[in-house]
Amino acid sequence: SSGSRDEALRDKRARILSRGLPEQKPIEGVKQVVVLASGKGGVGKSTTAVNIALALAANDPTKEVGLLDADIYGPSIPKMMNLKGSPELTPKNLMRPLKNYGIACMSMGFLIEETAPVVWRGLMVMSAVGKLLRQVDWGQLDYLVIDMPPGTGDVQLSVSQNIPVTGAVIISTPQDVALLDARKGAEMFRKVHVPVLGLIQNMSVFQCPKCKHETHIFGADGVRDLAKTLGLDILGDIPLHVNIRETCDSGQPVVISQPQSDA
């Protein structure tokens, strides 16, 4: 019957797909992996990733935290974490992360000149991501925060399928165009069976420093509405604040340089 043929075809597809997926292998020494992702670029994902890594360490000083910059084309972590130089190699030929503010960091930005563009095709990018995941001596980490590139492409799939990921956090502004891509990001992680821990609404409101009037430049509550639609939690609501931008640009993120501030 056609029904049994369809069922046999589905089983065959499932077997082929399961054979094609790589076996997930934990990163040596790393207990929990949290990925920070966004569908669209320019929504403050790297800024948020840096401050989350610093906040995890500040919240419990007994925990060891690492930060991996998986954005091969536009690495931001070296500047934001005020780090320069090349990683040293261990006797086992593994790269040692650079460290600042107690956070172990690894980025493509440590391996190329600051102004050099990465003009690579997909296979070379995947090879670089593999090296950043597997050829780094992280020591013993309680948390590894991975700052993903924007989108839902090869890097996101490779990271999700090659290592066990504890959970993903999706960052978006309340703007409709950003929300469309944020939804795609959340759905992608669900498809590859990575739990989505929740959404962060960034650049939600701007307060005039003189008159204190608040303006929702990118719209109001868009991420909150999306979270309700997807049945997810809102983990944070971050204003559009000059201090957050200035501190990251100067390599002194707001969580470490102004821990008592509202931001």
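Residues numbered from 1 in each chain as written. Predicted model: local features only at pLDDT ≥ 70, side-chain atom pairs only at ≥ 80, totals over all residues. Heavy atoms only, no water.

Per an unreviewed UniProt entry, the protein chain goes by the name Iron-sulfur cluster transfer protein NUBPL and belongs to Probosciger aterrimus. In its Function (unreviewed entry) section, the UniProt record describing the protein chain reads: "Iron-sulfur cluster transfer protein involved in the assembly of the mitochondrial membrane respiratory chain NADH dehydrogenase (Complex I). May deliver one or more Fe-S clusters to complex I subunits." (UniProt positions renumbered as here; feature names shortened; annotations may be inferred.)

Chemist: What is the right way to read the overall build of the protein chain from this model?
Modeler: Each helix and strand counted, the protein chain has nine helices and ten strands in total. In terms of its C-alpha atoms, the protein chain occupies a principal-axis envelope of roughly 75 × 50 × 40 Å. Buried positions account for 41% of the 263 residues belonging to the protein chain. Put simply, of all contacts in the protein chain between residues at least 6 apart along the chain, 75% involve residues at least 24 apart. (Helix = DSSP H or I, 4+ residues; strand = E, 2+ residues; numbered from the N terminus. Buried < 20%, exposed > 50% of the residue type's maximum accessible area, 1.4 Å probe, protein only. Contact = heavy atoms within 4.5 Å.)

Chemist: Would you mind going over the pattern of salt bridges with me for this structure?
Modeler: A side chain with one charge can pair with a side chain of the opposite charge if their charged atoms come near. In total, this model carries nine salt bridges according to the counting rule given. The closest approach of N and O atoms between lysine 40 and aspartate 181, which form a salt bridge, is 3.2 Å. Within this pair, whereas lysine 40 is found in the loop between β1 (30-37) and α2 (45-59), its partner aspartate 181 is found in helix α6 (residues 176-191), the two being separated by 141 residues in sequence. On the basis of relative accessible area, lysine 40 is assigned to the partly exposed category, the value being 28%. Note that aspartate 249 is salt-bridged to arginine 245, the shortest N-O span being 3.2 Å. Of the two residues, aspartate 249 and arginine 245 are both situated in helix α8 (residues 242-249); the distance of four residues between them amounts to about one turn of the helix. Classification of arginine 245 by relative accessible area gives partly exposed; the value is 46%. Members of the salt-bridge network, linked through shared partners, are Lys40, Asp181 and Lys184. (Salt bridge = Lys/Arg side-chain N within 4 Å of Asp/Glu carboxyl O.)

Chemist: Would you mind going over the nonpolar core with me for this structure?
Modeler: Burial of nonpolar side chains together is a common tendency in soluble globular proteins. Formed by 68 residues in total, the largest nonpolar core has its most connected members in Trp138, Ile146, Val159 and Phe189. Ignoring any residue separated from it by four or fewer positions in sequence, one finds valine 159 in contact with Val35, Val129, Leu133, Ile146, Met148 and Val165. (Core = buried A, V, L, I, M, F, W, Y, C linked by side-chain atoms within 4.5 Å.)

Chemist: What exactly am I supposed to notice about the side chain of aspartate 142 here?
Modeler: With respect to the helices and strands, the residue aspartate 142 is situated in strand β5 (residues 141-147). Take aspartate 142: its relative accessible area is 13%, and that puts it in the buried class. Non-local contacts of aspartate 142, meaning those with residues more than four positions away in its chain, are made with Lys31, Gln32, Thr62, Lys63 and Glu64.

Chemist: Help me understand the packing of α6 against helix α7 (residues 222-230), please; the structure alone is not making it clear to me.
Modeler: Helix-helix packing is characterised by the crossing angle of the two axes and by the distance between the axes. The N-to-C vectors of α6 and α7 enclose an angle of 30°; their axes lie 11 Å apart at closest approach. The interaxial crossing formed by α6 with α7 has right-handed handedness. Note on element contacts: α7 touches α6 through Gly222, Val223, Leu226, Thr229 and Leu230, opposite Leu179, Ala182, Arg183, Ala186, Glu187 and Arg190. Taken together, the residues of the contact of α6 with α7 sort by class into six nonpolar, two polar and three charged. (Axes fitted to C-alpha atoms, helices over the stretch in contact; angles between N-to-C directions. Left-handed = near helix turned anticlockwise from the far one by under 90°. Nonpolar A, V, L, I, M, F, W, Y, C, P; charged D, E, K, R; others polar.)

Chemist: Could you clarify how one ought to interpret the pairing of strand β2 (residues 65-69) in this entry?
Modeler: Within a regular beta strand, the side chains point alternately toward one face of the sheet and then the other, so they alternate between its two faces. In terms of burial, β2 is a largely internal element, five of the five residues being buried. Residues Val65, Leu67 and Asp69 line one face of β2 and the alternating positions Gly66 and Leu68 line the opposite face, and both faces are buried. Here β2 pairs with strand β4 (residues 103-107) via five bridges, running parallel. Residue glycine 66 lies in a different strand from β4, and its bridge partner there is alanine 104. (Pairing = 2+ DSSP bridges.)

Chemist: Before we go on, may I ask you to explain the sheet that holds β1 in this structure?
Modeler: The pairing of strands in a sheet happens through backbone hydrogen bonds and is either parallel or antiparallel. The eight strands lie next to each other as β3-β4-β2-β5-β1-β6-β7-β10, forming an open sheet whose pairing is mixed. The sheet is open, and its two edges are formed by β3 (98-100) and β10 (234-237), each paired on a single side. Strand-to-strand, the axes of this sheet are offset by a mean angle of 25°, without reference to chain direction. As defined by bridge partners, β3 adjoins β4 across three bridges and the pair is classed as antiparallel. Its bridge partner lying in β4, lysine 99 is registered against alanine 104. Contacting β1, β2, β4, β5, β6 (167-172) and β7 (196-201), α2 runs over the sheet at an angle of about 170° to β5.

Chemist: Explain the side chain of serine 46 to me, please; I cannot follow it from the model alone.
Modeler: You can see serine 46 is positioned in helix α2. Ignoring sequence-local partners within four residues, the contact set of serine 46 consists of Ser76, Met80 and Asp147.

Chemist: Would you explain α8 in this entry?
Modeler: Helical geometry: 3.6 residues make up each α-helical turn, so side chains three or four residues apart lie on a common side. Of the residues making up α8, those classed as buried are Ile244, Thr247 and Cys248. The buried residues of α8 occupy an angular sector of 95° when the element is viewed end-on, so they sit on one face. Contacts made by the buried residues of α8 are with α2, α3 (77-80) and α9 (254-257). (Arc of directions from axis to C-beta.)

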